[in-house]
Amino acid sequence: MNRIIVNTEKKLAPLGDLYGIFFEDLNHAADGGLYAEMVRNRAFEFSQIDNPKYRALTGWTKIERGGARLSLAVYDKEPLSKKNPHYLMMEVYEPGDGAGISNEGYNSGMAYEAGKGYVFSCYARSDDDMVLSVALEDVDSNVYDEKELKLTSSDWTKYELELSPSKTDYCGRLVIKAKTCGIACLDMVSMFPKETFKGSGLRTDLCELLAGLKPKFMRFPGGCLIHDGSLNSGDRNSTYRWKNTIGALEERASRRNNWEYNQSLGLGYYEYFILCENLGAKPVPILPAGYNPHSGEGVSLDDLQEWIDDALDLIEFANGAADTKWGKIRAELGHLEPFGLEYIGIGNEEVGQEFFDRYTYFHRAIREKYPEIKIINNSGPFAAGTEFERGWGSARENGSDIVDEHYYMSPEWFIANIHRYDSYPKDGPKVFLGEYASWGNTYYNAICEAAYMTQLEKNADVVSLACYAPLFANSDYVNWKPDMIWFNNHESYGSANYYVQKLFMNNQGTDLLDIKTEGFQKTTVLGSPIISGDIVLEAEEETKAEFTDITLTADGKTKNYSDIFAEGESFTIDCVNKRDYTFSFKAKKTAGPHGFRVKFGKKDDKNYIDWILGGWANGDCCIETRINNRTSAIKHKVFSVLANITYEFKLEVKGRSIVIYINGEKQFDVEDKQPVAEELYCAASLDYDTGEVIIKAVNLREEAASSAISISGVSSVSGTVYELSGCKLDDENSFEEPRRVYPKEKGFRADGEFEYEFPKQSVTVMRLKSI
Ligand code: AHR
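Residues numbered from 1 in each chain as written. Predicted model: local features only at pLDDT ≥ 70, side-chain atom pairs only at ≥ 80, totals over all residues. Heavy atoms only, no water.

*Asks:* Looking at this structure, I do not really get the sheet that holds strand β47 (residues 716–724). What am I missing?
*Replies:* Backbone-to-backbone hydrogen bonds pair the strands of a sheet. The strands run either parallel or antiparallel. Pairing within the open sheet is mixed, and its nine strands lie in the order β48-β47-β50-β45-β44-β28-β1-β46-β49. This sheet does not close on itself; its edge strands, each paired only once, are β48 (744–751) and β49 (754–758). Neighbour to neighbour, the strand axes of the sheet diverge by 30° on average, direction disregarded. As paired strands, strand β1 (residues 3–14) and strand β46 (residues 705–711) are joined by four bridges and run parallel to one another. Paired with Ile5 across the two strands is Ser710, which belongs to β46. Where helix α8 (residues 443–458) meets the sheet, it contacts β28 (511–518), β44 (681–687), β45 (692–699), β47 and β50 (762–770), and its direction lies at approximately 55° from that of β44. (Pairing = 2+ DSSP bridges. Helix = DSSP H or I, 4+ residues; strand = E, 2+ residues; numbered from the N terminus. Axes fitted to C-alpha atoms, helices over the stretch in contact; angles between N-to-C directions. Contact = heavy atoms within 4.5 Å.)

*Asks:* Looking at this model, I keep getting lost on the site of the ligand. Mind explaining?
*Replies:* By nearness alone, every residue bordering the ligand is listed as Glu24, Gly223, Cys224, Trp259, Asn348, Glu349, Tyr408, Glu435, Pro470 and Trp480. At 2.2 Å from an oxygen atom of the ligand is found a side-chain nitrogen or oxygen belonging to Glu24. When the free accessible area of the ligand is taken as 280 Å², the share hidden by the protein chains comes to 94%. Among the detected pockets, the ligand sits in the largest pocket. The class makeup of the residues in the shell around the ligand is five nonpolar, two polar and three charged. (Near = heavy atom within 4 Å. Polar contact = N/O pair within 3.5 Å; in protein donor to acceptor, adjacent residues only side chain to side chain. Areas by Shrake-Rupley, 256 points an atom, 1.4 Å probe, with all protein chains shown as cover. 1 Å grid on protein atoms, 1.4 Å probe; cavity = no way out; pocket = protein on both sides within 12 Å on 5 of 7 lines; lining within 4 Å. Sits in = over half its atoms within 2 Å of the grid points. Nonpolar A, V, L, I, M, F, W, Y, C, P; charged D, E, K, R; others polar.)

*Asks:* Hey, could you run me through the pattern of salt bridges in this one?
*Replies:* Side-chain pairs of opposite charge can arise where the charged atoms are in close proximity. Using the criterion set out here, one finds 48 salt bridges in the structure. Residues Glu342 and Lys282 are paired through a salt bridge, measuring 3.1 Å at the closest nitrogen-oxygen approach. With Glu342 in the loop between α4 (325–333) and β20 (343–346) and Lys282 in strand β17 (residues 282–287), the pair connects residues that are 60 residues apart, well separated along the chain. Judged by relative accessible area, Glu342 falls into the partly exposed class, the value being 27%. (Salt bridge = Lys/Arg side-chain N within 4 Å of Asp/Glu carboxyl O. Buried < 20%, exposed > 50% of the residue type's maximum accessible area, 1.4 Å probe, protein only.)

*Asks:* Hey, could you run me through the packing of aromatic side chains in this one?
*Replies:* Any pair of aromatic rings gets described here by the distance separating the centres and the angle formed by the planes. Taken as a whole and judged by the stated rule, the model has 53 aromatic pairs. Judged by centre distance (6.3 Å) and plane angle (80°), the ring pair of Tyr106 and Tyr477 falls under edge-to-face. You can see Tyr106 sitting in the loop between β6 (98–103) and β7 (110–112) and its partner Tyr477 sitting in the loop between β25 (472–474) and β26 (485–487), a full 371 residues away along the chain. Ring geometry for Tyr499 and Tyr742: centres 5.0 Å apart, planes at 70°, overall edge-to-face. With Tyr499 in helix α9 (residues 496–506) and Tyr742 in the loop between β47 and β48, this pair connects stretches of sequence that are 243 residues apart. Of note, Arg241 hangs over the ring of Trp307, and the distance from its end group to the ring centre comes to 3.6 Å. (Phe/Tyr/Trp six-rings, centres within 6.5 Å; stacked < 30°, edge-to-face > 60°. Lys NZ or Arg CZ within 6 Å of the ring centre and 35° of its normal.)

*Asks:* Looking at this model, I keep getting lost on the side chain of Glu316. Mind explaining?
*Replies:* As for its placement among the helices and strands, Glu316 is situated in helix α3 (residues 305–319). Here Glu316 is buried and forms no salt bridge, its nearest opposite-charge partner Lys369 lying at an N-O distance of 4.3 Å. For Glu316, the side chain forms a polar contact with the main-chain nitrogen of Trp326, separated by 2.8 Å. If we ignore the near neighbours within four places in the chain, the residues touching Glu316 are Thr324, Lys325, Trp326, Gly327, Arg330, Lys369 and Tyr370. (Lys, Arg positive; Asp, Glu negative; His and termini not counted.)

Below is the structure:
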């Protein structure tokens, strides 16, 4: 007989700000996404630095209708702003039936709805008193609203008008035509829906999806984009410097986003703080530390102060009184009251001692001036290995409050490692699981993540913050998947993963309660106890390698294999079906930029373990598992393969334990844990404010799990049960079926200890109150 016992007398840990969101400007999450600007390339600043395909007139099309003649050019003399120096010069020789330009916005075109208001604005100058028309058209040039715009000044002047189309169109155009001859210069050509989320200039549907989550915090603005780029804040491709993102829009210099697009920075730090406030989420800004781990470049320690000041000034901007330098700037932007910043993160996913040398200076300066701020250090992009340990070591040495961990893994890894935090030390820095997801947006991914989250919650004394990543994807500009929320220019939906996050965030509770389970003996084994299959040697693309002295030892017998001369290709050495074996070889790279790989335990092209040596970018030594084509980097260290050097490599496999050696030196051992789904994963919390007890239970197995449930000190309960169930494991939400995976809700009442059946493959959240 299974039994779940919740002890309401035993509060184990405060749940604090456990569940939040991570807004990262990738997949066009800001421009073309949350930032409701409808004009693409409004400032004519797109450049090949952002993306090799971009030109200054990307997004714009010249219009010459019915005898019209004009020329278009992008100039930078006497600009509206030196920070965004380019503007459009339109010289009209013959207006005909339409001489001008049109903008198609993002995705398939501009999305506008009949009867709704759209605010057009631009800066313009003209010596010719030109008259323009501004219209919303469809792709066939049918006009759905049009207004006249008279240019009255030869100095840059802001113009604004409102349009309201008579028809809904999701492939529309904004069209600006000249009605008279002459020269008009245009810049910051913009159109916003009149209605945005709480008037913030952000897209209502997307913000409502965020608000629906009720996140406790929001980490922003990235991700890799914060530390990728040049170290000079004035450069177009600089790392993300917050001071470039506030103030008048035309003064925010357009930037390269490292996901190969342009960021207008219209959604800047002030707007992020306002968004946090509107969502009721605490801001968690992440700043670069004067070091770019992608290029390995860092500012010298002598030049670090500017970067440290950025961090200190940001805290003052957020929290300072209106008579401080940066507090005053915030107040002038419209927010007199402080934003109440509690957390700050230094660095995103840092690899290399150079970052940690710099971190110490940030840490000391922030701690000294703002001892109340919680400082977040980080542990790189891997869940284990030397860089991960370096991050934790730095955090312990410096006394960081929190360490940011990131991992994207297979669902099976999440199950195999579900008790990861049970053994973390209870003292010292806490964990911020700042980026995590299982690879995929299916129902299966979502329920595996839910199971994992029950254990994050149970370890709330160790894990203080957690957020799924990435948050948003514009379906036509995908840099990375899976993502929590998908959208195009007019529609949006939450993935299956979104609904799991929503269930957990909406029902976090204030305090972790003690929960005990009895029975629950049934488990489902999701993988084999041994690593068997083919062994393959591979030279990476464009890389020539010589593999010699290749041997395989199993059952006390050693087999030797012929030498291999490889050029960007794979060679299957043998198939091994033993529990324990040793594979060794020598390898020399004779040409090319990359390194080698050993695949072992290979069942097929989607299921194997990869020992990456140098790898594609020639920077890693990594063990990465692949299950159904979904990878999990389970241990990592920095390693590059040098040319014309002969290395000796050895792999020892014992059950699921893997030990690797380079030149006779042990590099690391790691266990590729066998995933075994327990009968039920559960956690309980108290919502102190409402007095409700919250029980979360996740059943990953193919059969229902029944249990008696007893809640101490409570005789009868009533409340609500939310349940995600009844889906196929590969079900996904989509624009066509946004609620294929969607929780059901039902009222619930019971007396004393009660019986409950958790459906197969389900997530259940019970919110119960004593009656
Ligand atoms: O979330 C996608 C990317 O994953 C982030 O930019 C980076 O931090 C991580 O590698």
